[in-house]
Amino acid sequence: MRTLIFLVAFISSSALQAAQGIPQIPQIPAFLPMAHTVPMRDASPIDGEWMITSIGKRVRIQGGRAYALDPWLHMFVLQVKPMMVVLSEITTTDGQNYVGKDLPLLGTWNAVLDRDGMLNATVQTMVGPIRYAMMPVRMDDQRAYEQAKRGRYEGGAPGYEEYDEYEEEYAEEDYYEEDGWDE
């Protein structure tokens, strides 16, 4: 409770200082690697653009890492800038459960892809678990993403599935006969 009171007082005083023209706390770039310096891994069904709902900022998950698309302020002084990596070493075993490292929060990132398509993340930090949700904006491989949401993603190349439950194989002649078409 004391922490919450301190944060509210701190934010209020910072806003008041800014309105009165009093200098704010200096801000510095976050100590995060840039996307081009973190090697990509294999593609996954969650590759695409996501919004962190609690802060309204977008990130792009791509090849086992996520980088910022929008800038935001972390811990009042650290500027997370576009192209800074915020999640690294993202892996999955089944397409629905993911693990990685949350670099700004300095903890292990665990996320579950639910049936609604949200990534519900929990980061284990030194001060305890921090939870947040990520909402999909645009996916790289919509088919692989849909399969993962249903718990049907089997790995391999995203979007790959040997047999689709909705497709049946017909000989070409069957199409002509069913529809009454002539060749």
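Everything numeric here is computed off the predicted structure, so don't read it as measured data.

> Break down the pattern of salt bridges for me, with residues and values.
Scanning the model with the defined rule gives 6 salt bridges in all. For the salt bridge of Arg-60 with Asp-140, the shortest nitrogen-to-oxygen distance reads 2.9 Å. Taken together, the residues span a long stretch of sequence, with Arg-60 in strand β3 (residues 57-62) and Asp-140 in the loop between β11 (128-139) and α2 (142-149) at a distance of 80 residues. Looking at Arg-60, the relative accessible area reads 18%, which means it is buried. In this structure, Lys-101 and Glu-89 form a salt bridge, with 3.4 Å as the shortest nitrogen-oxygen distance. Of the two residues, Lys-101 is situated in strand β8 (residues 97-102) and Glu-89 in strand β7 (residues 85-92); the sequence distance between them amounts to 12 residues. On the basis of relative accessibility, which here comes to 40%, the residue Lys-101 falls in the partly exposed class. Here the salt bridges share partners, and the residues they tie into one network are Glu-49, Arg-58, Asp-70 and Arg-138.

> Before we move on, can you summarise α2 with the specific residues and values?
Regarding α2, the residues found buried are Ala-144, Tyr-145, Gln-147, Ala-148 and Lys-149. The backbone nitrogen of Arg-143 has a side-chain oxygen 3.2 Å away, supplied by the residue at the start of α2, namely Asp-141. Positive phi shows up at Gly-151, right after α2, with a value of about 75°.

Calculation notes
- Residues numbered from 1 in each chain as written.
- Predicted model: local features only at pLDDT ≥ 70, side-chain atom pairs only at ≥ 80, totals over all residues.
- Heavy atoms only, no water.
- Salt bridge = Lys/Arg side-chain N within 4 Å of Asp/Glu carboxyl O.
- Helix = DSSP H or I, 4+ residues; strand = E, 2+ residues; numbered from the N terminus.
- Buried < 20%, exposed > 50% of the residue type's maximum accessible area, 1.4 Å probe, protein only.
- Polar contact = N/O pair within 3.5 Å; in protein donor to acceptor, adjacent residues only side chain to side chain.

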